[in-house]
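# Descriptive structure summary
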Amino acid sequence: MNVAEPITIGLLGAGSVGAQVARTLVEERELISARVGTPVRLAGVAVRDVENPRDWRIPRELLTTDAERLVDEVDLVIELIGGFDPAAGLIERALRQGTAVVTGNKALLAAQGAQLHALADEAGALLRYEASVGGAIPILRPIEDSLSGDRITKVMGIVNGTTNYVLDQMDTTGAAFGDALAEAQKLGYAEADPTADVEGHDAAAKAAILATLAFHAPFTIDDVYCQGISDVTPDDIEAAALSGYVIKLLAIVERRSSGAVLRVHPTLLPRTHPLATVRGAFNAVFVVAENAGELMFYGQGAGGVPTSSAIMGDVVAVARRLRSAVPETPLLSDAEDLEPLSIEAAETQYYIDMQVADQEGVIAEIARVLADHRVSIESMRQPGSVSPEGEVEDSAGSDAGAQVQIVTHKAQERHLRATVETLESLDVVQSISSVLRVEVEQ
Ligand code: HSE
């Protein structure tokens, strides 16, 4: 019989993920204890209202409204309240006392990750947050541990299930943006306020966490250029499809010689790209490392049951460390001097969709503008003429105008912006309906 003192666990929050974590800790206690090698015991669950209905009925004697007291009494705190207040104060309270913390709080980590790690290192406390990026997908530990002997150069991820679901529905069923979003909310993928999903803030928080761990330098959400999907139109999706592309909201973090560019924006991907095949609310993270080459991690990025798997993985890993008492290597002990660079320094391919006058010399004039700004054209399509109402017609040579779609070779964002500005000022350019970034390289 194992007579070791149990490792006590305090759970803060019992929402969709918290209730599943409580269920696993109660119903699978023996299995989890065996995996740790020492008994573990759920000592309490702090909630705002003990009467609230939950996805799993937590035994009444475990529920408390006194979160601070619970934090003070246990060996390991699982924070699943989310957001800043009171979550941040409770995490800090635990870390200051040397108590281990497991959390899925992406907003907090993306804003104050370096400070929380410093606090943890000072007190010799453990801090883990696998569930904060990609839900059930093991991605942070592979980056931190498995790839710690390599150098990661780029991470590209579909890290927000809501927007992937919305874009996928628009692409495959022609659904309107609003209907697809309402469905995503009904399925439980969206944040309480879906603006965080739609405007890319949720993905930006995850980009900051990925960049910090991948590049061994502290980044925050403020370092991330962020553009959501609310301006993506059904016409963009259709035009992309006709050219063999799909539109995805990507979080991209890329190491450059002078720093790192962190960006979240709708991106055109060739349909053959591994990330293009990620459907519905699934997430996937594509990692490029100098020696390992390309790796892809795929799975469910949201939802109570899948996300509870990542939390429990951290709980077991942390509990094992508590048992062996091996000191933690500080996260940024090897911190690299890597500055966050502005989006202007990004280098990628671009897609420009514009309506132009249908007359001789127009294409030559447009090509001249791109050449003058050192932007090279990879391909150009003229799908049809455009009616005065903006409808694309198949017959060429109408008086109204023509639609021209250009995909550029890799160019610097600052050059592309200057190009678009000049194109807009040309008399022959009636309007530029879309400028989207394109990721072709795998
Ligand atoms: N709202 C998030 C998403 C949940 O849609 O992916 C997981 O962070």
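Residues numbered from 1 in each chain as written. Predicted model: local features only at pLDDT ≥ 70, side-chain atom pairs only at ≥ 80, totals over all residues. Heavy atoms only, no water.

### Notes on the overall build of the chain
What counts is decided by this rule: Starting at the N terminus, helices and strands are each numbered in turn, a helix being any DSSP run of H or I of at least four residues and a strand any DSSP run of E of at least two. For the radius of gyration, the atoms used are the C-alpha atoms, and the globule rule reads 2.2 Å times the number of residues raised to 0.38. Relative accessibility under 20% of the residue-type maximum defines a buried residue, over 50% an exposed one, and the middle range a partly exposed one, all with a 1.4 Å probe and only protein chains included. The Shrake-Rupley method, run with a 1.4 Å probe sphere, supplies the accessible areas, and residue values consider only the shown protein chains as cover. Positive charges are assigned to Lys and Arg, negative charges to Asp and Glu, while His and the chain termini are left out of the count. In plain terms, the charge of a residue is placed at NZ if it is Lys, CZ if Arg, CG if Asp and CD if Glu.
Looking only at helices and strands, one finds 14 helices and 20 strands in the chain. What you see for the chain is a C-alpha radius of gyration of 25 Å, in line with the 22 Å of a compact globule of 442 residues. Based on the C-alpha atoms only, the size of the chain along its principal axes is roughly 85 × 45 × 35 Å. Residues classed as buried in the chain amount to 52% of the 442 residues present. By element, 47% of the accessible surface of the chain is carried by carbon and sulfur atoms, the whole surface being about 19,200 Å². Charged side chains in the chain number 34 positive and 65 negative. The centres of these two groups are separated by 9 Å.

### As for the layout of surface pockets
For clarity, the threshold we go by: Points on a 1 Å grid over protein atoms alone make up a cavity when a 1.4 Å probe fits among them but cannot get out, and a pocket when they form an open set with protein on both sides within 12 Å along at least five of seven lines; lining residues each have an atom within 4 Å of a point. Grid points are joined across faces, edges and corners, and a volume is the space filled by probe spheres set on the points. Charged means Asp, Glu, Lys or Arg here, nonpolar means Ala, Val, Leu, Ile, Met, Phe, Trp, Tyr, Cys or Pro, and polar covers whatever is left, Gly included.
Considering only enclosed or pocket space, the second largest pocket measures out at about 560 Å³ in volume. Lining the second largest pocket are 31 residues, with E144, D145, H216, T329 and L331 sitting closest to its centre. When residues of the lining of the second largest pocket are traced back to their parent elements, those giving at least two are α5 (106–123), β6 (127–128), α6 (140–146), α10 (201–215) and α12 (304–324). Tallying contributions element by element places α6 first for the lining of the second largest pocket, with 5 residues. Residue composition of the lining of the second largest pocket, grouped by class: 12 nonpolar, 5 polar and 14 charged.

### Quick look at the pairing of strand β2 (residues 40–46)
What counts is decided by this rule: Paired strands are those between which DSSP finds at least two bridges.
Within β2, 5 of the 7 residues are buried, which leaves the element mostly enclosed by the surrounding structure. Of the strand pairs in this sheet, strand β1 (residues 7–12) and β2 are connected by 6 bridges, and their pairing is parallel. Residue pairing across strands places T8 opposite R41, the latter belonging to β2. As paired strands, β2 and strand β3 (residues 63–64) are joined by 2 bridges and run parallel to one another. What sits directly across from A46, in β3, is T64.

### Let's talk about the nonpolar core
Put simply, the rule is: Among buried residues, the Ala, Val, Leu, Ile, Met, Phe, Trp, Tyr and Cys ones that are joined through side-chain atoms within 4.5 Å form a nonpolar core.
Ranked by size, the top nonpolar core spans 76 residues in total, and within it L95, I139, I152 and F215 carry the most contacts. Examining the composition of this core, we find that 11 residues originate from one element, α10, more than from any other. If you look at the next biggest cluster of nonpolar residues, it comprises 34 residues, including A131, V315, V316 and A319.

### Quick notes on the sheet that holds β6
Across a sheet, paired strands are connected by hydrogen bonds in the backbone, their directions being either parallel or antiparallel. Going by this rule: Pairs of residues are marked as contacts when any of their non-hydrogen atoms sit within 4.5 Å. Fitted lines through C-alpha atoms serve as axes, helices being fitted only where they are in contact, and the angles separating the N-to-C directions of these axes extend from 0 to 180 degrees.
Taken together, 6 strands build an open sheet; the order of strands is β3-β2-β1-β4-β5-β6 and the sheet is parallel. Here the strands that pair on one side only, and so sit at the sheet edges, are β3 and β6. Sheet strands in contact with helix α2 (residues 29–36) are β1 and β2, and its direction is about 120° off that of β2.

### Some thoughts on the side chain of Q403
As a reminder of what qualifies: Here a polar contact is taken to be a pair of N or O atoms separated by no more than 3.5 Å, where protein atoms must pair a possible hydrogen donor with a possible acceptor and residues adjacent in sequence count only if both atoms sit in side chains.
Residue position: Q403 is located in strand β18 (residues 402–408). Q403 sits in the buried class, given a relative accessible area of 9%. Side chain to side chain, Q403 and D353 meet in a polar contact 3.1 Å long.

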